[in-house]
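Structural overview for review
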Amino acid sequence: MNFSQLQRLFVFSMSFLFLSTNVGYSQSEKFLSEIRKEEAKADASSDQDAIGKLDNHPNAKNVHYFKMGNIANVHKKGLFDFTSPITGKSIHAMTTRIEYQSDKDYYWYGTVSDSIIQGDMMLICKKGEIYGHLKYRDEGYRIYGIGNSISGFVPDLKLQSQMCPEPIKEPKKGFVQPPVVNKVEAILTTCPVENRVLILYTAAAQAHDPDILQTASVCVEQFNQALRNSGITTPEAYISLADVQQLNSFTGATVRGNYNSVMESDLYSLQANNEAQGLRNINNADMVVLLTDGNYIRTSHAIGLAFFEPDYSFPFAIVEDRFSDSPTYYTFTHEVGHIFGGAHEAHPGFGYNGNILAPYARGFYFEHRCFFCFTTNRYVTTMHDGVDDYGIALESTKKILQFSSPLLTYEGVPAGDVSNGDVARRIVERAYTIASFNPAVVGQLTASISGVQSINYPGYYTFSSNVECGLSPYSYHWDVSSDGYSYFNDASMSSSVSVGVYPGSSYGQSGHVYLRLRVKSDDQQWFTAYYSVYVNNVHYIKLDNSGITDNKIANASISNAFPNPTENSTIFEFILQNKQNITIELLNEFGQKIRLLESGEYETGTYQHTLNTESLSSGIYFYRLTSENFSDTKRLLISK
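Only a predicted model underlies this, so the values are computations on that prediction, with no experimental measurement involved. (Residues numbered from 1 in each chain as written. Predicted model: local features only at pLDDT ≥ 70, side-chain atom pairs only at ≥ 80, totals over all residues. Heavy atoms only, no water.)

A count of helices and strands for the protein gives 12 helices and 35 strands. By residue count, 56% of the 640 residues in the protein fall in the buried class. Counting contacts in the protein only where the partners sit at least 6 residues apart, residues at least 24 apart contribute 67% of the total. When the accessible area of the protein is evaluated, it comes to approximately 26100 Å², of which 49% is carbon and sulfur surface. (Helix = DSSP H or I, 4+ residues; strand = E, 2+ residues; numbered from the N terminus. Buried < 20%, exposed > 50% of the residue type's maximum accessible area, 1.4 Å probe, protein only. Contact = heavy atoms within 4.5 Å. Areas by Shrake-Rupley, 256 points an atom, 1.4 Å probe, with all protein chains shown as cover.)

Another aspect to go through is the packing of helix α6 (residues 212-229) against helix α11 (residues 331-339). Running from amino to carboxyl end, α6 crosses α11 at an angle of 60 degrees, the nearest separation of the two axes being 8 Å. Crossing angle aside, the handedness with which α6 passes α11 is right-handed. Of the residues in α11, those in contact with C219, V220, Q222, F223 and A226 of α6 are F332, T333, V336 and G337. Of the residues in the contact of α6 with α11, the class split is 6 nonpolar, 3 polar and no charged. (Axes fitted to C-alpha atoms, helices over the stretch in contact; angles between N-to-C directions. Left-handed = near helix turned anticlockwise from the far one by under 90°. Nonpolar A, V, L, I, M, F, W, Y, C, P; charged D, E, K, R; others polar.)

Moving on to helix α8 (residues 274-282). The set of residues buried in α8 consists of A276, Q277, G278, L279, R280 and N281. Buried residues belonging to α8 abut β11 (195-201), β12 (239-246), α7 (262-272), β13 (287-292) and β15 (316-320). At the C-terminal side of α8, N284 shows a positive phi close to 50 degrees.

All right, on to the sheet that holds strand β30 (residues 569-576) then. The strand order across the open sheet built from 3 strands is β29-β30-β33, with neighbouring strands paired in antiparallel fashion. The strands lining the two open edges of the sheet, one partner per strand, are β29 (556-558) and β33 (605-612). When the angles between neighbouring strand axes are averaged without regard to direction, this sheet yields 20 degrees. (Pairing = 2+ DSSP bridges.)

To continue, consider the packing of aromatic side chains. A full pass over the atoms with the stated rule returns 20 aromatic pairs. Residues Y100 and Y485 carry aromatic rings whose centres are separated by 4.7 Å and whose planes lie at 75 degrees to one another, so their mutual orientation is edge-to-face. Placement of the pair is Y100 in strand β5 (residues 90-102) and Y485 in the loop between β24 (475-481) and β25 (487-492), with a sequence separation of 385 residues. Pairwise contacts between aromatic rings join Y259, Y268, F307 and F314 into one cluster. (Phe/Tyr/Trp six-rings, centres within 6.5 Å; stacked < 30°, edge-to-face > 60°.)

For I297, the location among the structural elements is in helix α9 (residues 296-300). Separated by 134 residues in sequence, I297 and M163 have C-alpha atoms that sit 7.9 Å apart. Those residues in contact with I297 that sit more than four places away from it in its chain are L159, M163, A302, I303, E320 and F323.

We now examine the nonpolar core. In this structure, F332 and F340 are the most contacted members of the largest nonpolar core, which totals 41 residues. When residues in this core are grouped by element, the largest group, 8 residues, is from α6. Not counting the four nearest positions on each side in its chain, F340 is found in contact with N195, F223, A237, I239, M287, E309, R426, I427, R430, A431 and I434. If you look at the next biggest cluster of nonpolar residues, it comprises 28 residues, including F31, Y100, L134 and Y530. (Core = buried A, V, L, I, M, F, W, Y, C linked by side-chain atoms within 4.5 Å.)

Here we take up unusual backbone geometry. The peptide bond linking S472 to P473 adopts the cis configuration, its omega dihedral lying at 5 degrees. Backbone torsion omega between F562 and P563 reads -5 degrees, so that peptide bond is classified as cis. Inspection of the secondary structure puts P563 in the loop between β29 and β30. The phi dihedral of E309 falls on the positive side, at around 45 degrees, and the residue is not glycine. Inspection of the secondary structure puts E309 in the loop between β14 (304-306) and β15.

Before going further, it helps to examine the pairing of strand β6 (residues 105-113). Burial analysis of β6 places 8 of its 9 residues in the buried class, which makes it a mostly covered element. The turn linking β5 back onto β6 is made up of 2 residues. Sheet topology note: the β6/strand β7 (residues 118-126) ladder contains 9 bridges and is antiparallel. Each residue of the ladder has a partner; that of Y109, found in β7, is M122.

So, on to the sheet that holds strand β4 (residues 79-83). Pairing is antiparallel across the open sheet formed by 9 strands, whose spatial order is β2-β3-β10-β9-β8-β7-β6-β5-β4. The open sheet has two edge strands with one neighbour each: β2 (32-35) and β4. Strand-to-strand twist of the sheet, defined as the mean angle between neighbouring strand axes without regard to direction, takes the value 25 degrees. Helix α3 (residues 48-55) rests against β3 (64-68), β9 (139-147) and β10 (150-155) of the sheet, and its axis sits at about 155 degrees to β9.

With that settled, consider the pattern of salt bridges. A full pass over the atoms with the stated rule returns 18 salt bridges. R36 is the partner of E39 in a salt bridge, and the nearest nitrogen-oxygen pair spans 3.7 Å. We note a salt bridge from K579 to E603, for which the minimum N-O separation is 3.6 Å. Of this pair, K579 sits in the loop between β30 and β31 (580-587) while E603 sits in the loop between β32 (593-602) and β33; the two residues are 24 residues apart in sequence, bridging distant segments of the chain. Taking the relative accessible area as the measure of exposure, K579 reaches 46% and is therefore partly exposed. With a relative accessible area of 47%, E603 lands in the partly exposed category. The structure contains a network of salt bridges with shared partners spanning E309, R425, R426 and E429. (Salt bridge = Lys/Arg side-chain N within 4 Å of Asp/Glu carboxyl O.)

Below, the structure is given as structure tokens:
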């Protein structure tokens with residue numbers, strides 16, 4: 001390594017103060033400011049047609065209108081606070097992913113929490129219009145951008161379950177495959193980097209949807225975010241929009257005829273529709289999803305249906321538009337998951353175990369017991385249809401935007417099982433096959449970043465580029481950021497970058513490292529890729545001259561505090577595996593001791609400590625347990 005490279009690495013050595021979910025802070029500018037519908041209508045930038053459609057929504061009386069603030073201004077240390085339109089209480093949003101071009105053009109995704117219940121929020125901003133979804137507690141909101149920074153929050157319609165019949169595993173006997181029309185062959189190299197999805201919609205769907213293009217965009221981003229949440233980095237698994245177009249020649253059935261349901265009849269009609277086939281081939285789409293307003297809840301007891309693990313001829317799905325990007329059901333993501341080979345959970349209680357090629361690729365149900373709040377949170381992954389082994393709807397379950405995987409946890413609980421809950425694995429196995437259905441017409445440049453997803457120890461970490469298509473050679477430009485908005489330029493001009501994470505600096509206090517890679521190909525194509533890495537700063541708090549905390553010998557542990565955030569007091573437990581001398585200290589955000597909480601020799605057992613925080617100002621704190629050869633640190637937020 002030469003001197004300039006060493007110098008560059010030195011410049012990018014950084015440390016991160018410990019930060020985890022639910023962190024709060026004092027913020028002067030509000031991100032969400034509720035306004036009356038009349039104010040929204042009076043704004044010159046508002047889409048009056050969209051507001052009119054919201055007025056006719058079945059849940060129109062519960063629609064909320066908000067003026068959205070500048071996210072870069074309110075976003076501090078990786079998060080921002082806002083008042084929930086659902087409960088009226090203050091909740092905390094922590095960034096998981098940010099792709100920021102300007103205050104008028106960005107993508108934001110993160111978790112939202114009130115210290116007891118966790119949810120998620122997605123925001124897409126294009127030309128100042130902000131749309132996406134919010135899921136919090138038992139409610140889900142679709143967010144429509146109806147003007148410059150003005151958004152309508154539309155509550156989800158509630159159903160008893162996912163209402164998705166078993167996907168169709170093979171073409172119906174006697175079904176005649178229509179001839180392929182207007183087939184466009186790849187004229188350069190085949191570049192099956194992303195799956196291209198063509199989203200079609202009926203006139204009836206457009207008539208009630210405030211913005212069908214926003215809906216399509218959110219659907220695609222929800223699927224891709226589900227992949228990220230599931231730890232899937234395979235480029236071919238991700239989907240991109242081939243186009244969004246109205247399907248004029250589609251007429252929905254009124255009776256099921258020889259099919260199991262009206263929706264199944266319509267799915268076969270869609271696959272056989274020459275207009276749909278032609279649009280698919282012209283746009284070189286690998287799969288087709290039709291958004292409808294077919295009232296399938298009444299006729300088919302369903303809101304979505306797809307062909308399961310189809311070959312080239314059958315990657316089609318139908319989704320009720322009102323539920324397509326619903327954060328309660330994630331119906332579009334669910335149905336596209338079927339095309340990739342994800343199945344529902346098995347239902348042995350009423351005779352269904354499923355005849356699938358990969359029996360491990362099933363939705364997953366799990367529970368998280370909240371010790372301090374005396375509740376049990378019940379969750380299902382995206383492919384689970386929300387019913388038990390006997391087909392009875394599971395009560396009080398929340399669907400998470402994540403495919404089942406035994407390699408990941410959610411709120412500390414495994415979100416999958418090797419033998420009966422690993423949809424993520426099947427998606428990776430099927431991704432290349434689906435992406436190869438229709439090779440790219442042109443070699444469109446694309447890139448992604450690979451590397452660690454979380455950092456637990458100080459050191460240098462290398463992140464690499466994965467570039468597909470376009471003409472080589474490529475030029476690279478890496479940027480690094482501590483907040484996802486302001487990037488430090490010229491980190492590296494090679495195909496990889498090394499980032500140093502060390503104590504001693506305040507750079508990067510958000511709890512994340514954000515990377516941005518801009519690639520240029522020899523044929524003058526540009527592509528920008530983003531990557532975020534969570535930094536678990538438990539190991540980075542400076543103790544004293546002894547160095548960094550050491551968690552290798554687990555003879556003691558300390559729990560998360562409850563409530564957290566807190567105002568006046570909070571409670572935590574510490575557990576000792578043997579008799580030992582310990583101290584528990586309260587530290588400020590710089591790792592400096594401000595109070596001794598516990599000290600002395602303790603017998604084996606579980607102990608509880610009540611921490612009075614009335615005299616402490618708002619901010620980030622840590623409480624640290626230290627024994628002879630072990631330390632464990634947790635984060636605490638005080639918000640007043």
